[in-house]
Amino acid sequence: MKLQSTIPWSACALAATVLVSVARAQISFDVADPVFCGNFPQDVVAADLDGDGVLELAVTLRSPPRIAVLHRNYPPKYSDPTFTPLVGARYPIGLVAPDIDGDGLPDLAVVSRDTDELFVLHNLGAAHYVLFERIAVGDGPSELDINDLDGDGDLDFVVSNGLGNSVTVVLNDGAGTFSVLPAVGIGASPKSLAVGCFGYARGALRLADVAVADHDSHAISVLRNDGTGVLVPAETLSIPGFSHPEGLVAADFNGDERDDLAACFSGAGLHKVAVFHNLGGSFAAPLVFNVGGAHPTHLAAADFDRDGRLDLAMVCAASQCVTVLRQNEDGVFDYAGAWDLPGTGSDHLAVADLDGSAYPDIVATIDAGDLLQPLYNLFANPRSYGYGAPNSVGFGAELAWRGSPSVGAGDFALTVAGAPGQRAGIFLRGMTGDLRPFQSGYLCIAPPIVRMGAPVILRDDGCTEFVFDFAGEPYGTGVNALEPGSAWNFQFWYRDTLKGLATSNLTNGVRAIFLP
């Protein structure tokens, strides 16, 4: 039988098939040993503070006022903290790590609640910090965020003033001079901030807008950027149940190139998340989901299972845990699990790839225990998904792997077993997973689908393999390169005869995220 040069599917044929749900992957975390960071941690950020390619942790400490930096060792353990005093600060809270002066090293900025100031610290190298500037902002600042608000290419600050019921923008000229714009009044007791493009789709000419969680007004204030960094109140989003919003995040949850909003809130017996989709000028009524914990206080968005959809993580202060909601293919956020924290007073978290696995991890503050709690993502890499349909010789062919998906190791291979012998087959790959009927099996890759090398003939025992060569085309270079951090889905298609009919079949899928 002659092997066709291409697999005979078409967009029309795929569109006519019945879509079935992809088997949902489990999101899970290893609650590692907690890390001592200093007295009364308030906020935490993860960034490469010393330029070594590894993420450090920086933490604001309430008493005495200072910042702790913890370096990561191998295996992922953290060093004892080194401290930078915040002389003159009282009750430091919100923390960010922007490169203020463009030297390639993250600086630090923290708000001092009881002195109504923003402290900016310059990175001298090797994560050694000195005070650079103290800037008066509004009354009782609690949280801050960063973005280029005036379009000059430098990162600016926006601060929520919890006692002043306002936000303050601090513009940075990139040369060591900061300009404080007049405070903009919003709702009562503002807490978390989120920066994003809330008008229309993101674009080079669109500057960032700001949203603020107004805790005691039971609402979110949306402020539009007039193009110079001046914020203008534009819309007020009501929180369901007359509840109190605390955590807030802006992200494109539905893939339409517009930044949506998600807010965690509690009150009147409710502990939930509200997702407001951006309609391109206004926001839709919220979609509301249970969080699986009590009193959620801080929120982050990340693709924890690398399925192309953003999930949500939050720290729940009253139940002393971190909960995660997984976004499914319908845009619904399902409860994925809760992980206990070893102490009280947890109200901030950060999300980043802490261990270099290419999957986002979580670190949470534990105020009463003077601790940070890392949670390492246990999502399998590679992983098998979908399934191979029964074939002429048994229950179906299986695609598996050997070696590590490490480009540096160079020992990764895909293996096939359980297929009929002496039949032609082709290894396939694509960037997006799927699961839909196709011929006698199930297609586990969404178009566009790329053939990997020439067709192969299965051995008599129904086995074959594909060994990756990361040094040459098309795996080491080009637009389809398998580079560290890239995620690909693989499958094997093969000829078969089932129930006396000549047809074709497929294995299960394998998804791999390639590592350095």
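Draft legend 1. The overall build of the protein, seen in detail. Looking only at helices and strands, one finds one helix and 43 strands in the protein. Relative to the compact-globule value of 24 Å for 516 residues, the protein shows a C-alpha radius of gyration of 26 Å, a close match. Counting only C-alpha atoms, the protein reaches 80 × 45 × 45 Å along its principal axes. In the protein, which comprises 516 residues, the proportion classed as buried is 53%. Of the contacts made within the protein by residues no fewer than 6 positions apart, 52% connect residues no fewer than 24 positions apart. Between the averaged position of the 28 positive side-chain charges in the protein and that of its 60 negative side-chain charges there is a distance of 11 Å.

Draft legend 2. Geometry of the sheet that holds strand 3 (residues 41-47). In spatial order, the strands read 3-4-5-8; together these four strands make up an open sheet with antiparallel pairing. Both outer strands of the open sheet, strand 3 and strand 8 (82-85), are each paired with one neighbouring strand and no more. Across this sheet, the average inter-strand angle for adjacent strands is 20°, counted without regard to direction. Pairing between strand 4 (residues 56-61) and strand 5 (residues 66-70): five bridges, direction antiparallel. Residue L61 lies in a different strand from strand 5, and its bridge partner there is R66.

Draft legend 3. Spotlight on the pairing of strand 23 (residues 260-267). Of all eight residues in strand 23, eight are buried, a share of seventy percent or more. Here strand 23 shows two buried faces, one formed by D260, A262, C264 and S266 and the other by L261, A263, F265 and G267. In the sheet, strand 22 (residues 244-251) pairs with strand 23 via six bridges, with the strands oriented antiparallel. Residue pairing for strand 23: A250 is matched across the bridge by L261. Pairing geometry for strand 23 and strand 24 (residues 270-276), over seven bridges, is antiparallel. Following the sheet pairing, L261 is matched in strand 24 by F276. If you look at the hairpin formed by strand 23 and strand 24, you'll find two residues sitting between the two strands, and A268 has a positive phi there, around 55°.

Draft legend 4. How the structure looks around the environment of Q327. Relative to the helices and strands, Q327 resides in strand 28 (residues 321-327). Along the chain, Q327 and G337 lie 10 residues apart, while their C-alpha atoms are 13 Å from each other. Those residues within four positions of Q327 in sequence are excluded, and the remaining contacts are F253, D307, R309, L310, D311, V332 and F333. At a separation of 3.4 Å, a polar atom in the side chain of Q327 contacts the main-chain carbonyl oxygen of F253.

Draft legend 5. Highlighting the nonpolar core. L414, F427, F468, F490 and F514 are the most contacted members of the largest nonpolar core, which has 20 residues in total. Elements supplying a minimum of two residues to this core: strand 35 (413-417), strand 41 (487-498) and strand 43 (509-513). The biggest single contributor to this core is strand 41, with four residues. Core analysis: the second largest hydrophobic core is formed by 17 residues, F29, V315, L349 and I366 among them.

Draft legend 6. Examining the domain arrangement of the protein more closely. For the protein, the domain assignment lists domain 1 (29-377) and domain 2 (383-514). One C-alpha centre belongs to domain 1, the other to domain 2, and the line joining them spans 41 Å.

Draft legend 7. Expanded view of the sheet that holds strand 22. One open sheet holds the four strands; their spatial order is 22-23-24-25, and the pairing between them is antiparallel. Only two strands of the sheet have a single neighbouring strand rather than two, namely strand 22 and strand 25 (287-290). Neighbour-to-neighbour, the strand axes of the sheet open up by a mean angle of 25°, direction not taken into account.

Draft legend 8. Main features of the environment of D48. Mapped onto the elements of the fold, D48 is located in the loop between strand 3 and strand 4. The class of D48 is partly exposed, set by a relative accessible area of 22%. On a C-alpha basis, the gap between D48 and P106 in space is 7.3 Å, while along the polypeptide they are 58 residues apart. Beyond its immediate stretch of four places on either side in the chain, D48 contacts G53, V54, L55, E56 and P106. Looking at D48, its side chain comes within polar contact range of the main-chain nitrogen of G51, at 3.0 Å.

What counts as what
- Residues numbered from 1 in each chain as written.
- Predicted model: local features only at pLDDT ≥ 70, side-chain atom pairs only at ≥ 80, totals over all residues.
- Heavy atoms only, no water.
- Helix = DSSP H or I, 4+ residues; strand = E, 2+ residues; numbered from the N terminus.
- Rg over C-alpha atoms; globule rule 2.2 N^0.38 Å.
- Buried < 20%, exposed > 50% of the residue type's maximum accessible area, 1.4 Å probe, protein only.
- Contact = heavy atoms within 4.5 Å.
- Lys, Arg positive; Asp, Glu negative; His and termini not counted.
- Charge placed at Lys NZ, Arg CZ, Asp CG, Glu CD.
- Pairing = 2+ DSSP bridges.
- Axes fitted to C-alpha atoms, helices over the stretch in contact; angles between N-to-C directions.
- Polar contact = N/O pair within 3.5 Å; in protein donor to acceptor, adjacent residues only side chain to side chain.
- Core = buried A, V, L, I, M, F, W, Y, C linked by side-chain atoms within 4.5 Å.
- Domains from an automatic or database assignment.

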